[in-house]
Amino acid sequence: MLKFQITATGVDLEYEGDQSGTNRWVVDELTNNNVARVSRVFSFQRADLLNPPTPTQDFDEYVCRFRFGTFVDGYVKIPARVLGIKNDLLISRDVTLKRVTFAAERHVSIFGRLSALLEHSDPIVIGGDRPGAIPRDVFEELIEKFPNTYELDCYANARVHTILSEYLDGMKDARGRFETYLNKKKTALTGTTKLDLSVLGKLEIEKYVLIRDLIKDALATKQHLSEREWQQLMLSFLLLLFPKYIKVLENITIHDHYSDPTKKTDRHIDIGLVDANGNLDVIEVKKPFDDKILRKSPYRGNSIPTSELSGSIMQAEKYLFHLSKWGVKGEETLTKKYAAELPTGMNIRISNPKAIIIVGRDQIGGAEMTGSQRLDFEVIKRKYANMLDIITYDDLLRRLDNTIVALGG
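Within an unreviewed UniProt entry, the label attached to the protein reads Shedu protein SduA C-terminal domain-containing protein, and the organism entered is Paraburkholderia dioscoreae.

Enquirer: Please give an account of the environment of Ser-39 that cites residues and values.
Expert: Within the secondary structure, Ser-39 is located in the loop between β3 (35-38) and β4 (42-45). Given a relative accessible area of 17%, Ser-39 falls into the buried group. As for Ser-39 and Glu-16, which are separated by 23 residues in sequence, their C-alpha atoms are 9.7 Å apart. For Ser-39, the side chain forms a polar contact with the side chain of Arg-99, separated by 2.7 Å.

Enquirer: Could you give me a rundown of the pattern of salt bridges, with the residues and numbers involved?
Expert: Inspection of every chain in the model, using the stated rule, returns 22 salt bridges. When the shortest N-O distance is used, the salt bridge between Glu-14 and Arg-65 registers 2.5 Å. With Glu-14 in strand β2 (residues 10-15) and Arg-65 in strand β5 (residues 64-72), this residue pair connects regions lying 51 residues apart in the sequence. For Glu-378, the salt bridge goes to Arg-382, with nearest N and O atoms at 3.1 Å.

Enquirer: Please give an account of helix α1 (residues 24-33) that cites residues and values.
Expert: Among all positions of α1, only Val-26, Val-27 and Leu-30 are buried. Looking straight down α1, one finds that the buried residues subtend no more than 100° of arc, so they occupy a single side. Buried residues along α1 sit against β2, β3, β4 and β5. Phi turns positive one or two residues past the end of α1, at Asn-34, with a value near 65°.

Enquirer: Tell me about the sheet that holds strand β6 (residues 75-78), residues and numbers included.
Expert: The sheet built from 6 strands is open, its strands ordered β1-β2-β5-β6-β7-β8 with mixed pairing. Each edge of the sheet is formed by a strand with only one pairing partner; in this case those strands are β1 (2-6) and β8 (124-126). Adjacent strand axes in the sheet meet at a mean angle of 25° when their direction is disregarded. The pairing of β6 with strand β7 (residues 89-92) spans 4 bridges and is antiparallel. Bridged to Tyr-75 within β7 is Ser-92.

Enquirer: Please set out the layout of surface pockets residue by residue, giving values where relevant.
Expert: One number sums up the size of the largest pocket: a volume of about 260 Å³. In this structure, the largest pocket is lined by 20 residues; those nearest its centre are Leu-241, Phe-242, Ile-356, Asp-389 and Arg-399. Elements with a contribution of two residues or more to the lining of the largest pocket: α8 (227-241), β12 (355-358), β15 (388-391) and α11 (393-406). When residues in the lining of the largest pocket are grouped by element, the largest group, 4 residues, is from α11. Partitioned by chemical class, the residues of the lining of the largest pocket number 13 nonpolar, 2 polar and 5 charged.

Conventions and cut-offs
Residues numbered from 1 in each chain as written. Predicted model: local features only at pLDDT ≥ 70, side-chain atom pairs only at ≥ 80, totals over all residues. Heavy atoms only, no water. Helix = DSSP H or I, 4+ residues; strand = E, 2+ residues; numbered from the N terminus. Buried < 20%, exposed > 50% of the residue type's maximum accessible area, 1.4 Å probe, protein only. Polar contact = N/O pair within 3.5 Å; in protein donor to acceptor, adjacent residues only side chain to side chain. Salt bridge = Lys/Arg side-chain N within 4 Å of Asp/Glu carboxyl O. Arc of directions from axis to C-beta. Contact = heavy atoms within 4.5 Å. Pairing = 2+ DSSP bridges. Axes fitted to C-alpha atoms, helices over the stretch in contact; angles between N-to-C directions. 1 Å grid on protein atoms, 1.4 Å probe; cavity = no way out; pocket = protein on both sides within 12 Å on 5 of 7 lines; lining within 4 Å. Points joined across faces, edges and corners; volume = space filled by probe spheres on them. Nonpolar A, V, L, I, M, F, W, Y, C, P; charged D, E, K, R; others polar.

Here is the structure:
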């Protein structure tokens, strides 16, 4: 039996075995080895024992009392060695100390598991207002979610069932029982673990509304900008418009060994996008002129792409071609060049790169596209869909509008 006793300077732990006289082994361990492991979780040294037995001690009445922790600025400081871990523990004084605070079922040390996951030896802080502390309610939820004996037995049975069910007939559906238990546990915890994402949702809506309004304003008032200035304006939106990417790279130099086989020619990609796995894609940002998508005059009843759009597609295709041909050597070169701009340890990968082209408006000859023209434009986009995504600025605004509506805006 354990009791945590509050004193003027800290907390003492009283330990009494379940049967009379069973505390003698603790004294023997301290005498012979200078350390005793109490209740399978706590380790005490001889100097921690506050009431050493007398030579004539009656162990039927003897209760060991150990110095457990001291008060430090609103916390109980428990030395790392007492818990058998590498981190001291600071636990807020408003947390009621019980054995279950330190040990889960089957004598699993809670702070032993936590310490093993840490790469440092700084103190573990529970509750209170110290920076970096684990909030008290989060710690209590952690204790509640530690697997109990029944869950561990179900898991072990499920593992055995998975391995042997193909070879033995007549086995109980242990895996099914385990899944049923987990589903019940999940349902029981739903009320306490469900996150309120309404605040994040509102921020997301505000973000997309801001981007939409800024692009609308730019389309209306900044037509005088050069293509390079327009690209710089759009750069600030790209990672928000395409959230799969984490980094924008500018002026990427790639090598062309094919245009002139006698020499290497440098080509320059204005903008590249790197995703969370290091994969490099290309994006072409053109000025938003009208009449840059489809020609005004149809060809045999069909709308065909303008030279501006065809040229942009060809340019993007050649960038992708040269990137793919550059291969591993290109990955090494680009990774080295942009190492300072990438997360530590990330390598740029040229793995079936794609391209995005943002170009033009939906207007042709001062009017919106007809249904037939929209169909022809969609056919053009789908022709290149395996390697290119062609987006007009009106497409971009529609995507933003739909995203805002979907988020509840």
